[in-house]
Amino acid sequence: MIQTISPGEADALIKSGEVDVVDVREPREWSFGHVPKARLVPLDQLRADPQRALPRDRVVFVCAKGVRSLTAAKLAERLGFNQLYNLDGGTTGWVKAGLPLEHS
């Protein structure tokens, strides 16, 4: 099941360390900042080899506004994952909520 969660809810899940955070944006977008503890798996890469890109359940998907991440979550759901989260508003919503982005 896919659950759309607020930036605050996502922050709490991420801080718990019990979720995999997957950012499905493109590398250029990633370079402007990303949600802490996220790893970059562009949506096309996820589509090409989802089993390799998603080693476990309990995944928070992130993109710029929440559309591509929902697409990614639906893909994971079709593969049998059942604890899936979509960050409402993506990194845009994250920043609007006053939460920091990491830069690498």
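Up top is the structure these notes are about.
Residues numbered from 1 in each chain as written. Predicted model: local features only at pLDDT ≥ 70, side-chain atom pairs only at ≥ 80, totals over all residues. Heavy atoms only, no water.

Description of the overall build of the chain
Next, step 1: When helices and strands are tallied, the chain shows 6 helices and 5 strands.
Next, step 2: Along the chain direction, N to C, the helices and strands of the chain fall in the order β-α-β-α-β-α-α-β-α-β-α.
Next, step 3: Relative to the globule expectation of 13 Å for 104 residues, the C-alpha radius of gyration of the chain, 12 Å, shows essentially globular dimensions.
Next, step 4: Along the first, second and third principal axes, the C-alpha atoms of the chain reach 35 × 25 × 20 Å.
Next, step 5: Counting all 104 residues of the chain, 49% fall into the buried class.
Next, step 6: Residue pairs at least 24 apart in sequence account for 67% of intrachain contacts in the chain once pairs closer than 6 positions are excluded. (Helix = DSSP H or I, 4+ residues; strand = E, 2+ residues; numbered from the N terminus. Rg over C-alpha atoms; globule rule 2.2 N^0.38 Å. Buried < 20%, exposed > 50% of the residue type's maximum accessible area, 1.4 Å probe, protein only. Contact = heavy atoms within 4.5 Å.)

Overview of the sheet that holds strand β5 (residues 84-87)
Next, step 1: Strand order in the open sheet formed by 5 strands is β1-β5-β4-β2-β3, and the pairing between neighbours is parallel. If you trace the sheet from one side to the other, it starts and ends with β1 (2-5) and β3 (38-40), each paired once. When the angles between neighbouring strand axes are averaged without regard to direction, this sheet yields 30°.
Next, step 2: Judged from the 4 bridges that link them, β1 and β5 form a sheet pairing that is parallel. When the bridges of β5 are listed, T4 appears paired with N86.
Next, step 3: Of the strands in this sheet, β1, β2 (20-23), β4 (59-62) and β5 are in contact with helix α1 (residues 7-16), which crosses β1 at around 110°.
Next, step 4: Sitting on the sheet, helix α5 (residues 67-78) touches β1, β4 and β5, and the angle it makes with β5 is about 175°. (Pairing = 2+ DSSP bridges. Axes fitted to C-alpha atoms, helices over the stretch in contact; angles between N-to-C directions.)

Focus on unusual backbone geometry
Next, step 1: Its identity is not glycine, yet K37 carries a phi of approximately 70°, on the positive side.
Next, step 2: Examined against the element boundaries, K37 turns out to sit in the loop between α2 (27-30) and β3.
Next, step 3: Positive phi, close to 65°, is recorded for R58, a residue that is not glycine.
Next, step 4: Among the residues examined, R58 registers a relative accessible area of 19% and is labelled buried.

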